[in-house]
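Topology and contacts: notes
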Amino acid sequence: MFQDKYVFAQLVSFFNRSKFNRIVSKYKGDKYVKHFTCWNQLLALMFGQLSNRESLRDLINALDAHHSKCYHLGMGKNVSRNISELKSSGELLKMQYAFNSMLQ
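A brief structural summary. In this text, all values refer to a predicted model and were calculated from it rather than measured experimentally. (Residues numbered from 1 in each chain as written. Predicted model: local features only at pLDDT ≥ 70, side-chain atom pairs only at ≥ 80, totals over all residues. Heavy atoms only, no water.)

Looking at the pattern of salt bridges
Inclusion rule: In what follows, salt bridge is the name for a side-chain nitrogen of Lys or Arg lying within 4 Å of a carboxyl oxygen of Asp or Glu. Think of it in three bands: with a 1.4 Å probe and only protein chains considered, a residue is buried below 20% of the maximum accessible area for its type, exposed above 50%, and partly exposed in between.
Here the structure, examined in full by the defined rule, presents one salt bridge. The residue Asp58 makes a salt bridge to Arg53 at a minimum N-O spacing of 3.5 Å. Residue classification places Asp58 among the partly exposed residues on the basis of a relative accessible area of 25%. Given the relative accessible area of 33%, Arg53 is considered partly exposed.

Notes on the packing of helix H3 (residues 38-50) against helix H4 (residues 56-65)
Note the threshold: Only the stretch in contact is used when a helix axis is fitted, and all axes are lines through C-alpha atoms; the angle between N-to-C directions ranges over 0 to 180 degrees. We count a stretch as a helix when DSSP gives it H or I for four or more residues in a row; a strand needs E for two or more, and each element gets its number in order from the N terminus. Throughout, the term roughly parallel applies to angles under 35 degrees, roughly antiparallel to angles over 145, roughly perpendicular to angles from 65 to 115, and oblique to all others. By definition, residues are in contact when any of their heavy atoms lie within 4.5 Å. Polar here means any residue other than Ala, Val, Leu, Ile, Met, Phe, Trp, Tyr, Cys and Pro, which are nonpolar, and Asp, Glu, Lys and Arg, which are charged; Gly is therefore polar.
Look at H3 against H4: their axes get within 10 Å of each other, and the N-to-C directions meet at 100°. Between H3 and H4, the interaxial angle falls into the category roughly perpendicular. Here Ala44, Phe47 and Gly48 of H3 lie close against H4, whose contacting residues are Leu59, Ala62 and Leu63. Residue classes in the contact of H3 with H4 are distributed as five nonpolar, one polar and no charged.

Concerning the nonpolar core
One broad trend across soluble globular proteins is that nonpolar side chains are buried collectively. What counts here: Throughout this description, the term nonpolar core refers to a set of buried Ala, Val, Leu, Ile, Met, Phe, Trp, Tyr and Cys residues connected via side-chain atoms within 4.5 Å.
Phe8, Phe20, Trp39, Phe47, Leu63, Met75 and Ile83 are the most contacted members of the largest nonpolar core, which totals 24 residues. Looking at this core, the elements that each hand over two or more residues are helix H1 (7-12), helix H2 (17-26), H3 and H4. If one sorts the elements of this core by residue count, H3 sits on top with seven residues.

Remarks on H3
What counts, and what does not: By definition here, a helix of n residues has an expected span of 1.5 Å times n minus one.
An ideal rise of 1.5 Å per residue puts 18 Å on 13 residues; H3 measures up with 18 Å between its terminal C-alpha atoms. Across the 13 residues of H3, 10 count as buried, placing the element largely inside the fold. Buried within H3 are the following residues: Cys38, Trp39, Asn40, Gln41, Leu42, Leu43, Ala44, Met46, Phe47 and Gly48. Remark: Asn52 follows H3 within two positions and exhibits a positive phi of approximately 60°.

Details of unusual backbone geometry
Keep in mind that most residues, glycine aside, have a negative phi and that most peptide bonds are trans. Unusually for a residue other than glycine, Asn52 sits at a positive phi of about 60°. Following the sequence through the fold, Asn52 ends up in the loop between H3 and H4.

Description of H4
Each α-helix winds once per 3.6 residues, and so residues spaced three or four apart point in a common direction. Going by this rule: As used here, the arc belongs to the directions running from the helix axis to the C-beta atoms.
Of all the positions in H4, only Leu59, Ile60, Ala62 and Leu63 are classed as buried. Buried residues along H4 cover an arc of 165° about the axis, so they all sit on one side. Residues of H4 that are exposed and point over 90 degrees away from its buried face: Arg57 and Ala65.

And the structure:
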């Protein structure tokens, strides 16, 4: 039986989650959010980018196919159901800033 982490979870472990949470709280990114947090949104978009998905529907289908693994990838439960709640372009600019600041 497989005992180690998935490659995606290993990539995510390089991110400083506390720094990301500080940036999100600075811009109040999770203010009215119940389930699909900015962290889950970042992971879902990273999964789509790394798996070369071409559309949001394609990403949802891929996440549905790996539904049992989403929790172990660090995304939590019901990601594909909540991914349609992606925020406006202003929120994506905040995510871009957060991602760029985490790379430094």
